[in-house]
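Structural characterization, general
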Amino acid sequence: MNKCILFSCRLLFILILSARKSYGLSSNVKVVLHPIQVTLTNVAYKYNETWFRRLTNPAPRRDYALQNVSCSLCGELAMLTGDSDSGKTTLFKLLLGKEQPSHGTILASIQSATGHNIDPSSMSIPVPIYLELQPDRSDGRVTTKDLLVDGCANFAVAPHVAFSIIDHFCRLLDYSETALQQRREQLSASDNLKLELLLACLASSLGSSTLSQLEAMSSAATINLPAPFLLLDEWLDKETSAVVRRVQQSLDKLADSGAIVCVITHKPERWNLDSIRRLSLRLGRLQPAAPLYHSSQDK
């Protein structure tokens, strides 16, 4: 029965969307993203010591993967760098909630967007979304628009709410109408990556909303959502500098709208570092970030 209802909702979305030039509505419904803040205070994570780790770990022996990590992120694009075994992956696991700190606290809160005096408690903390694998471009059966419709159909939102949210994120990420009409295999490398960002934004901002919050959106003149929280683990390291810079323009706009985007990369020279906050880990401790020099031979 539930599968039949879900299929009917998706079919209804597709029929309505096919009659529109874009996801925008003629109504005055608008979407406002509210900044998310994550604060780490004296966070530490102790290794689970095993005989296998003692034999195979090449790094200098230490008991803690992370030690006394304190920082705050709010509406920004941040780059996390460091050698292997510096604690980067462990920190991501803590932010994702897959592991719990041995000591210290990680607190997330929502801030009211500038010019909007609302109660942040009326929204749920966004779901942190982890992106690591490159997008699969082999499925050419459906268009980008269909994939976004399927992404929204997983949440119990009214159709006009879904249209407005999708339209807002498409405009924010500069996702063109041409790209919306294309199948995945037809997309450029940067548009394919932006599609993954669009799907991640929908999952992050809507994923933790309660049924009552979703129902309230259907009659609201303004849809208030928490800004997305995205963790990118070497996600763009296989791309060229040109592709990375184009995708970064969308990430910059997301951060300006209040989103937290944290990136692990081993190729920071491919990024425009002027708009990025740099964090560096060494043996589990945050370090002052050293300056980077761009290589003229990088492509």
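These numbers were taken from a predicted model, which means no experiment stands behind them. (Residues numbered from 1 in each chain as written. Predicted model: local features only at pLDDT ≥ 70, side-chain atom pairs only at ≥ 80, totals over all residues. Heavy atoms only, no water.)

**So, the packing of aromatic side chains**
All chains considered together, the criterion is met by one aromatic pair. The interplanar angle of 85 degrees and the centroid separation of 6.4 Å between the aromatic rings of F92 and Y130 together place this pair among those described as edge-to-face. Of this pair, F92 sits in helix α3 (residues 88-96) while Y130 sits in strand β6 (residues 128-131), placing them 38 residues apart in sequence. Here Y130 falls in the partly exposed class, since its relative accessible area comes to 29%. (Phe/Tyr/Trp six-rings, centres within 6.5 Å; stacked < 30°, edge-to-face > 60°. Helix = DSSP H or I, 4+ residues; strand = E, 2+ residues; numbered from the N terminus. Buried < 20%, exposed > 50% of the residue type's maximum accessible area, 1.4 Å probe, protein only.)

**Remarks on the sheet that holds strand β5 (residues 103-110)**
With antiparallel pairing, the three strands of this open sheet are ordered in space as β3-β2-β5. Lying at the two open borders of the sheet, with one neighbouring strand each, are β3 (64-74) and β5. Each strand axis lies, on average, 10 degrees off the axis of its neighbour in the sheet, ignoring direction. Here strand β2 (residues 36-46) pairs with β3 via seven bridges, running antiparallel. Counted as the bridge partner of K46 is Y64 from β3. (Pairing = 2+ DSSP bridges. Axes fitted to C-alpha atoms, helices over the stretch in contact; angles between N-to-C directions.)

**With respect to the packing of helix α4 (residues 144-153) against helix α7 (residues 189-206)**
Contact pair α4 / α7: the axes reach a minimum separation of 9 Å and the direction vectors enclose 15 degrees. With respect to each other, α4 and α7 are oriented roughly parallel. Between α4 and α7 lies a crossing whose hand is right-handed. On α7, the residues touching T144, L147, L148 and C152 of α4 are L195, L198, L199 and L202. Partitioning the contact of α4 with α7 into residue classes produces seven nonpolar, one polar and no charged. (Parallel < 35°, antiparallel > 145°, perpendicular 65-115°, else oblique. Left-handed = near helix turned anticlockwise from the far one by under 90°. Contact = heavy atoms within 4.5 Å. Nonpolar A, V, L, I, M, F, W, Y, C, P; charged D, E, K, R; others polar.)

**Some remarks on empty space enclosed by the protein**
Per the stated rule, a full pass over the model turns up one cavity of 30 Å³ or more. In this structure, the largest cavity spans a volume of roughly 50 Å³. Taken together, L40, C71, L73, L80, L91, L95, C262 and L279 form the lining of the largest cavity. Elements with a minimum of two residues in the lining of the largest cavity: β3 and α3. (1 Å grid on protein atoms, 1.4 Å probe; cavity = no way out; pocket = protein on both sides within 12 Å on 5 of 7 lines; lining within 4 Å. Points joined across faces, edges and corners; volume = space filled by probe spheres on them.)

**Overview of the pairing of strand β8 (residues 229-233)**
Burial within β8 is extensive, with five of its five residues counted as buried. With burial as the criterion, each face of β8 is covered, one bearing F229, L231 and D233 and the other bearing L230 and L232. Of the strand pairs in this sheet, β6 and β8 are connected by four bridges, and their pairing is parallel. Within the sheet, the bridge partner assigned to L131 lies in β8 and is L232. Note that β8 and strand β9 (residues 260-264) share five bridges and pair parallel. Note on β9: the bridge partner recorded for F229 is I260. Handedness of the crossover is the feature at issue here: the chain leaves β8, passes through helix α9 (residues 241-256), returns alongside β9, and the resulting connection is right-handed. (Right-handed = clockwise from strand over helix to strand, strands pointing away.)

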